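Okay, here's what each chain looks like letter by letter:
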Amino acid sequence: MTVIRAEGLTLAYDDRNVVSELDLHIPPGRVTVVVGANACGKSTLLRALARLMRPEHGAVLLDGRAIHTLPTRQVARQVGILPQTPVAPEGISVLDLVGRGRSPHQTWWRQWSTADEQAVAEALAATGMTELAHRPVDELSGGQRQRAWIAMAVAQQTPVLLLDEPTTYLDLAHQVDVLDLVTDLNRRDGRTVVMVLHDLNQACRYADHLVVMRDGRIAAEGDPAAVVTAELVTEVFGLGCQVVPDPVTATPMVIPLSRHHPARTVTA
Amino acid sequence: MNAVTPPVPGAPTPTVLADPYAAGPVPTTGDRSRTALHRSLFGLPLRPRLAVMCVVTALAAFAVFCLGLALGDYPVPLVDVVPALWRSGARGTVFVVHEVRLPRALTGVLVGAAFAASGAVLQAITRNPLASPDMVGINAGATTAVVAGIVLGFGDTLGTPTLGLAGGLLGALAVYLLAWRRGSTGFRIVLVGIGVSWMCTSATDYLLTRAKMHQAQEAVGWLVGNLNGRGWESVRPLGVAVAVLLPAALLLAGWNRNLQLGDDVARGLGTPVQLARGLLLLVSVALVSFATAAAGPVLFVSLAAPQIAQRLARLSAPPVLLSALTGVLLVSGSDLLARRLLPDTDLPVGVVTGAIGAGFLLRLLVRSNRAGSGG
């Protein structure tokens, strides 16, 4: 099983440090969710895990070897990344898009094989996109479009899958739909999933391992039930809140307070 | 998801959904024929429509090529044209076909293929049909360099192909440094490219005002895109360039397809983004520069041919090979028209490609917008 971790990772845009001296061990075969306030460095961390940016110091280690010393294609066969709101070329069909997920497995002399065909068929079926395979991506609804992109990442058949806010711009039903789909991928194939999410309650529901970031550092990590407390949320997001059990999953549920809605004593 | 955690007492019972993991292995057999996934053929994805279009366009281009060799002041029967290419037949026929008409026809074929393939590569990387070499300053850079060679008198020593390549590279470098280095794509490249293009055009115009009469005439005859009087000396360098660069563009097509998904996705798919973009840009610039050096800036081919090919094949980006074949058909057909429409005036091919290419492109844009596919 592919193990991915960060060691003493410092990431910077120009001269500005975004992530500082970060150590992170991603539990293999589990769903890890990274949360934090805007500009806390969570997307940057994900980009570094996918080798999309080069660290200033430290390294991302893939099975113990620095990811920047590995051949690009080898990394692409082990780690798949879906960036935030990717844009598909105009008129591209779902099938064509998903097929491009196979490129790390292809060579100049063997550009398409039955294994590719099989992987694409499985990815389409797993994401429920088989019926829409020949539709242009730009004619799909937001939820279907996101499914098509996830299908591309699935067809890549990587043991590690990184997703940067896969629910952005989706309505609530489609958010749940996408998160369920990601969970399917983890539970069925044992893929290691790391995703950045905005919604704390969804993060608590779907994470096996929760990473809470603040100012480029890890403020807390672990089982959501153990990690998410009113004090932590106040410290990290600067927002007063109450934390109650989610009535459906019993995972922590964060109820924010505001100037107009201050705290009241909870009657249990 | 903590599926094992018991629900909170008093909470509403969750709706029981079918267990998604009980579905077992994903059914794939039988899906094949229904969804018509890409099958493979000798390791290549089978795209029947693209293959058929390539064959049809190639046949049409060959027919026009032969027609161009047959027609003229000394008409040759079509059946004698193909044997004459291998120097068999009456001596007069072989001379007319092989020595007089073939260099011009071949230049047309190579120029069409080079311009169109170059446009296909560039339009695909930038995801913008307007970012073709004749819009973004590459063509104009090559033109300025060649005109400078003619007017300032160093053209003969350096050779037109070298000058064209140098000028095209400089034009492309200017666009790259001003617009592209920070990873911007699409519209910004087009705008900066148009700026660079006009700077080069101004420089060309200035050079022309300084030129002597015979130099100006030579330069202007070449400036509109012209196949008149092209001999083997323009076929050879361009032939070598196309023979090397067209296969290179085809080999790099996989990287280009990934680049169209954006830098991050492309890198995630294992594409060395900077290297791939650099090589593709170099191939595109070299193709257009060699073609410009051979025949002048033949208008609209690198813009229109890839767009026509893309619509013929119904793909999301212009396919290189079909674009090249479409370019061959466009230039060969235009040259034939130019020669036959006004036989006494030697109408330059660039005038006809401009008119035909622009007209066809407009028709396609209007039609596809009406169909709602957004051009």
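The numbers attached to residues start from 1 for each chain and follow its sequence in the written order. Here chains are named by letter from A upward and ligands by number from 1 upward, in the order in which they appear as written. Reporting of local features is limited, given that this is a predicted model, to residues whose pLDDT is at least 70; pairs of side-chain atoms are given and counted only at 80 or more, and all residues count toward the totals for whole chains, interfaces and linings.

Participant: Looking at this model, I keep getting lost on the overall build of chain A. Mind explaining?
Facilitator: What counts as a helix is a DSSP run of H or I of at least four residues, what counts as a strand is a run of E of at least two, and both are numbered from the N terminus. Secondary structure summary: chain A contains nine helices and 12 strands in total. Our radius of gyration looks at C-alpha atoms and nothing else; its globule reference is 2.2 Å times the residue count to the power 0.38. Expected size for 268 residues packed as a compact globule is a radius of gyration near 18 Å; at 19 Å, chain A falls within 12% of this value. Dimensions of chain A, computed from C-alpha atoms along their principal axes, come out at roughly 65 × 40 × 30 Å. Here chain A, with 268 residues, has 47% of them falling under the buried criterion. Within chain A, contacts between residues separated by at least 24 positions form 64% of all contacts whose residues are at least 6 apart in sequence. Working definition of burial: number of other C-beta atoms within 10 Å of the residue's own, with buried at 20 or more, exposed at 12 or fewer, and partly exposed in between, all C-beta atoms being placed from the backbone. What counts as a contact is two residues whose backbone-derived C-beta atoms lie within 7 Å of each other.

Participant: So what exactly am I meant to see when it comes to the overall build of chain B here?
Facilitator: Per the secondary structure count, chain B includes 16 helices and two strands. By residue count, 49% of the 375 residues in chain B fall in the buried class. Partitioning the contacts of chain B with sequence separation of at least 6, the portion at a separation of at least 24 is 74%.

Participant: Help me understand the packing of helix α14 (residues 301–313) of chain B against helix α15 (residues 320–341) of chain B in this model?
Facilitator: Helix packing geometry: the angle between the two helix axes and the distance between the axes. Residue and element names in this part refer to chain B. For the pair α14 and α15, interaxial distance at closest approach is 8 Å and the crossing angle is 120 degrees. By the angle between their directions, the pair α14 and α15 is classed as oblique. When you trace α14 past α15, the crossing you get is right-handed. Listed contacts from α15 to Val301, Ala305, Pro306, Ile308, Ala309, Leu312 and Ala313 of α14 are Leu322, Ser323, Thr326, Gly327, Leu330 and Val331. Only the stretch in contact is used when a helix axis is fitted, and all axes are lines through C-alpha atoms; the angle between N-to-C directions ranges over 0 to 180 degrees. Note that the term roughly parallel is reserved for angles under 35 degrees, roughly antiparallel for angles over 145, roughly perpendicular for angles of 65 to 115, and oblique for everything else. Each crossing is labelled by how the near helix is turned from the far one, with a counterclockwise turn of less than a right angle marking it left-handed and a clockwise turn marking it right-handed.

Participant: What exactly am I supposed to notice about the nonpolar core here?
Facilitator: The term nonpolar core refers to a set of buried Ala, Val, Leu, Ile, Met, Phe, Trp, Tyr and Cys residues connected through C-beta atoms within 7 Å. In terms of nonpolar packing, the biggest core is built from 188 residues, with A:Val98, B:Ala114 and B:Ala117 touching the most fellow members. For this core, the leading source of residues is helix α4 (residues 91–126) of chain B, giving 18 residues. Apart from the residues lying within four places of it in its own chain, the contact partners of A:Val98 are A:Val120, A:Ala123, A:Leu124, A:Ala148, A:Ala151, A:Met152 and A:Ala155.

Participant: Sorry if this is basic, but what is going on with the sheet that holds strand β8 (residues 192–196) of chain A here?
Facilitator: Each strand in a sheet pairs with its neighbour through backbone hydrogen bonds, running either in the same direction (parallel) or in the opposite one (antiparallel). Residues and elements named next belong to chain A. Two strands form a pair only when DSSP identifies at least two bridges running between them. In spatial order, the strands read β6-β7-β8-β3-β9-β10; together these six strands make up an open sheet with mixed pairing. Of all strands in the sheet, those with a lone pairing partner are β6 (79–82) and β10 (217–222), marking the two edges. Recorded for the sheet is a direction-independent mean angle of 15 degrees between the axes of neighbouring strands. With four bridges connecting them, strand β3 (residues 31–36) and β8 associate as parallel partners. Each residue of the ladder has a partner; that of threonine 32, found in β8, is valine 194.

Participant: It is not clear to me how the sheet that holds strand β4 (residues 57–62) of chain A should be interpreted in this structure. Could you clarify?
Facilitator: All names here are of chain A. As summarised here, the arrangement of the four strands in space is β2-β1-β4-β5, forming an open sheet in which the pairing is antiparallel. Bordering the open sheet on either side are β2 (16–25) and β5 (65–66), each of which pairs with just one other strand. Here strand β1 (residues 4–13) pairs with β4 via five bridges, running antiparallel. Residue pairing across strands places arginine 5 opposite leucine 61, the latter belonging to β4. On the sheet, helix α1 (residues 42–49) packs against β1, β2 and β4 and is oriented at approximately 120 degrees with respect to β1.

Participant: Looking at this structure, I do not really get helix α5 (residues 142–155) of chain A. What am I missing?
Facilitator: Because the α-helix completes a turn every 3.6 residues, residues three or four places apart line up on one side. Residues and elements named next belong to chain A. By definition here, a helix of n residues has an expected span of 1.5 Å times n minus one. Here α5 is 14 residues long and its end C-alpha atoms lie 20 Å apart, about the 20 Å a rise of 1.5 Å per residue gives. Judged by how many residues are buried, α5 sits mostly within the fold: 11 of 14 residues are covered. Looking only at α5, the buried set comprises Arg145, Gln146, Arg147, Ala148, Trp149, Ile150, Ala151, Met152, Ala153, Val154 and Ala155. Just downstream of α5 lies glutamine 157, where phi reads positive at about 50 degrees.

Participant: Even after reading the chapter, I still don't get the pairing of β8(A), so can you show me in this structure?
Facilitator: Across the five residues of β8(A), five count as buried, placing the element largely inside the fold. Neither face of β8(A) is left uncovered, since the one carrying A:Thr192, A:Val194 and A:Val196 and the one carrying A:Val193 and A:Met195 both have all their residues buried.

Participant: I'm lost on the confidence of the model for chain B in this one. Help?
Facilitator: Any segment with low pLDDT has predicted coordinates that should not be analysed in fine detail. Residue and element names in this part refer to chain B. pLDDT expresses how confident the predictor is about each individual residue, on a scale running from 0 to 100. Residues with a pLDDT of 70 or more make up 83% of chain B, whose mean pLDDT is 81. Put simply, helix α1 (residues 31–35) is where chain B has its lowest mean pLDDT, 41, and helix α2 (residues 48–70) is where it has its highest, 93. Segment residues 1–35: pLDDT under 50, and 38 contacts once partners within four positions in sequence are set aside and those in other chains are kept. Below pLDDT 50 for its whole length, residues 371–375 participates in seven contacts with residues either more than four positions away or in separate chains. Predicted complex metrics record ipTM = 0.90 and pTM = 0.84.

Participant: Looking at this model, I keep getting lost on the environment of B:Val320. Mind explaining?
Facilitator: All names here are of chain B. Note on placement: valine 320 falls in helix α15. On the basis of neighbour count, valine 320 is assigned to the buried category, with 28 C-beta atoms found within 10 Å. Discounting residues that sit within four places of it in the chain, valine 320 has contacts with Ala117, Ala120, Val121, Ala249, Leu250 and Ala253.

Participant: Can you walk me through the environment of A:Lys42 in this structure?
Facilitator: With respect to the helices and strands, A:Lys42 occurs in helix α1. For the pair A:Lys42 and A:Met195, spaced 153 residues apart in sequence, the C-alpha separation works out to 9.5 Å.

Participant: What is the right way to look at unusual backbone geometry in this model?
Facilitator: For residues that are not glycine, phi is negative in most cases, and the peptide bond is trans in most cases. Residue and element names in this part refer to chain A. The phi dihedral of glutamate 21 falls on the positive side, at around 45 degrees, and the residue is not glycine. Structurally, the position occupied by glutamate 21 is in strand β2. Taking the C-beta count within 10 Å as the criterion, glutamate 21 has 13 such neighbours and is therefore assigned partly exposed. Even without glycine at this site, alanine 250 takes up a positive phi of about 65 degrees. Tracing the chain through its elements places alanine 250 in the loop between β11 (241–245) and β12 (252–256).

Participant: What's the story with helix α10 (residues 232–251) of chain B in this structure? I'm lost.
Facilitator: Residues and elements named next belong to chain B. Look at α10: 28 Å from first C-alpha to last across 20 residues, which is about the 28 Å you get at 1.5 Å a residue. Residues of α10 that are buried: Ser234, Leu238, Ala241, Val242, Leu245, Leu246 and Ala249. As for α10, its buried residues are in contact with α4, α11 (253–259), α13 (273–295) and α15.

Participant: Before we go on, may I ask you to explain the pairing of β4(A) in this structure?
Facilitator: It is a general feature of regular strands that their side chains alternate between the two faces of the sheet. Residue and element names in this part refer to chain A. Where β4 lies against β5, two bridges are found, and the strand directions are antiparallel. Following the sheet pairing, leucine 61 is matched in β5 by alanine 66. Counting the residues in the hairpin turn of β4 and β5 gives two residues, including aspartate 63, whose phi is positive at 50 degrees.

Participant: Sorry, what's going on with the packing of α2(B) against helix α3 (residues 78–85) of chain B here?
Facilitator: Residue and element names in this part refer to chain B. Orientation of α2 relative to α3, taken along the N-to-C sense of each, is 95 degrees, at an axis distance of 9 Å. Classified by the angle their axes make, α2 and α3 are roughly perpendicular. Listed contacts from α3 to Cys66, Leu69 and Ala70 of α2 are Leu78, Val81 and Val82. We call Asp, Glu, Lys and Arg charged. Ala, Val, Leu, Ile, Met, Phe, Trp, Tyr, Cys and Pro are nonpolar, and the rest, Gly among them, are polar. In terms of residue class, the contact of α2 with α3 is built from six nonpolar, no polar and no charged.

Participant: Please clarify how the environment of A:Pro159 should be interpreted in this entry.
Facilitator: All names here are of chain A. Positionally, proline 159 belongs in the loop between α5 and β7 (160–164). Linking proline 159 and arginine 77, residues 82 residues apart in sequence, is a C-alpha distance of 8.2 Å. Here proline 159 is in contact with Met1, Thr2, Gln78, Arg191 and Thr192, once residues within four sequence places are set aside.

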